[in-house]
Amino acid sequence: TETAIKAAGGSCEVRPCDLADHAAVQALVDGVAETHGRLDILVNNAGITRDTLLLRMTDEQWDEVINVNLRSIFVSCRAAIRPMMRGKFGRIVNIGSVSGLSGNAGQANYAAAKAGLVGFTKTVAKEMGAKGITANVIAPGFIETRLTAVKAKGQDLGIPADVRDSIRGTISLGRFGRPSDIAAATAFLAS
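These numbers come from a predicted model, not from an experiment. Counting of residues starts from 1 at the beginning of each chain's written sequence and follows it residue by residue. Local features in this predicted model are restricted to residues whose pLDDT is 70 or higher, and side-chain atom pairs enter the listing and the counts only when it is 80 or higher, whereas totals over whole chains, interfaces and linings include all residues. Remark: hydrogens and water are excluded; side-chain values derive from all non-hydrogen atoms of the structure.

Asks: In this structure, what is going on with helix H7 (residues 179-190)? I would like to understand it.
Replies: At 3.6 residues per turn, the α-helix brings residues three or four places apart onto the same side. Taking 1.5 Å of rise per residue, the twelve residues of H7 would be expected to cover 16 Å, and the 16 Å separating its terminal C-alpha atoms lies within 8% of that figure. Under the scheme applied here, a residue whose accessible area is under 20% of the maximum for its type counts as buried, over 50% as exposed, and between as partly exposed, the area being computed with a 1.4 Å probe on protein chains only. Comment: elements are numbered from the N terminus, with helices defined as DSSP H or I runs of at least four residues and strands as E runs of at least two. Listing the buried residues of H7 in full gives Ile-182, Thr-186 and Ala-190. Buried residues of H7, viewed axially, fall in a sector of 65°; they line one side. The inward-facing, buried residues of H7 contact strand S1 (41-44), strand S2 (90-95) and strand S3 (133-138). In this scheme, a helix's expected span is set at 1.5 Å multiplied by one less than its residue total. Taking the helix axis as origin, the arc is that swept by the directions to the C-beta atoms. Between two residues, a contact is recorded if the distance between any of their heavy atoms is within 4.5 Å.

Asks: I'm lost on helix H3 (residues 59-87) in this one. Help?
Replies: In this model, H3 (29 residues) spans 41 Å end to end at C-alpha, consistent with the 42 Å of a helix rising 1.5 Å per residue. Take the seven residues that end at a residue and the seven that start at it, fit an axis to each, and the angle between those axes is the bend at that residue. Residue Asn-67 marks the point of greatest curvature in H3, where the axis turns by about 40°. Two residues or fewer after H3 comes Lys-88, characterised by a positive phi angle close to 60°.

Asks: Explanation requested: the side chain of Arg-164 in the structure shown.
Replies: As for its position among the elements, Arg-164 is in helix H6 (residues 161-168). Classification of Arg-164 as buried rests on a relative accessible area of 8%. With sequence-adjacent residues up to four places away left out, Arg-164 is seen in contact with Glu-144, Thr-148, Ala-149, Val-150, Ile-159 and Phe-176.

Asks: Teacher, can you tell me more about the pairing of S1 here?
Replies: Successive side chains on a regular strand alternate, one facing one side of the sheet and the next facing the other. Side chains Leu-42 and Asn-44 of S1 all project onto a buried face; the interleaved residues Ile-41 and Val-43 project onto a face where none is buried. Pairs of strands are assigned from DSSP output, requiring at least two bridges between the strands. Of the pairings in the sheet, the one linking S1 to S2 comprises four bridges and is parallel in character. Bridge pairing in S2 links Val-43 to Val-93.

Asks: What should I look at first to understand the packing of H3 against helix H5 (residues 108-128) in this one?
Replies: Relative placement of two packed helices is described by the angle separating their axes and the distance separating the axes. Axis definition: a line fitted to C-alpha atoms, over the contacting stretch in the case of helices. Angles run 0 to 180 degrees between N-to-C directions. At a closest axis distance of 8 Å, the pairing of H3 and H5 adopts a crossing angle of 15°. Classified by the interaxial angle, the pair formed by H3 and H5 is roughly parallel. For H3 against H5, the interelement crossing comes out right-handed. When H3 is examined against H5, the residues Gln-61, Trp-62, Val-65, Ile-66, Asn-69, Leu-70, Ile-73, Phe-74, Cys-77, Ile-81 and Met-85 are found in contact with a partner set consisting of Ala-108, Asn-109, Tyr-110, Ala-112, Ala-113, Lys-114, Gly-116, Leu-117, Phe-120, Val-124 and Met-128. Any angle from 65 to 115 degrees is called roughly perpendicular, while one under 35 is roughly parallel, one over 145 is roughly antiparallel, and all others are oblique. Each crossing gets its hand from how the near helix is turned against the far one by less than a right angle, where anticlockwise is left-handed and clockwise is right-handed.

Asks: What's the story with the layout of surface pockets in this structure? I'm lost.
Replies: To find the voids left in a structure, one rolls a probe of water-molecule size over its atoms. Approximately 1,400 Å³ is the volume found for the largest pocket. Looking at the largest pocket, it is lined by 41 residues, and the ones nearest its centre are Thr-49, Tyr-110, Thr-145, Leu-147 and Thr-148. The set of elements that each furnish at least two residues to the lining of the largest pocket consists of helix H4 (99-102), H5, H6 and H7. For the lining of the largest pocket, the element with the highest residue contribution is H7, accounting for five residues. Cavities and pockets are defined on a 1 Å grid built over the protein atoms alone: a cavity is a set of grid points where a 1.4 Å probe fits but cannot escape, while a pocket is an open set with protein on both sides within 12 Å along at least five of seven lines, and lining residues are those with an atom within 4 Å of any such point. Grid points are joined across faces, edges and corners, and a volume is the space filled by probe spheres set on the points. Roughly 450 Å³ of internal volume is contained in the second largest pocket. The wall of the second largest pocket is formed by 13 residues, among which Leu-28, Ile-41, Leu-42, Val-43 and Asn-44 lie closest to the centre. Elements with a minimum of two residues in the lining of the second largest pocket: helix H2 (22-36) and S1.

Okay, structure coming up:
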């Protein structure tokens, strides 16, 4: 967060943006490039879920997840590539999901968006590599967050303890990932 970064001696600025608003995304990218004279790194980490079985999934649930988890990445990458090309350098890191590689029951929309993100990112890498711009995907599994904590009675977020234990049993390390794991991979790919 902004407070933590500044407390650690770093500098940052927060620029809120509605990723569904293409003009706002373009303005955000243009503003950052203008303020700093260039744009070197883009990390796309926006994502939502609207989980339900395919037979119950509405068009709106499908569209909302595809728009946030895939279309917004297309829009932000397209906007960022021009200033990166001018600077002859760029690092694009898209945060996907293991669900996009293996599928997941109840997540047809999410898995489709994240699988599309993999193909999209590979294409960006092929188109932009010769111009000094790399594009990579990180596809995390379950990460220790409020969304994966043990769900307490009456809470909207979390996973039931028995389901969480079952998931943990399928992970080679025997634990969920940590946000710091993803941050380290992102920092490496952005370097």
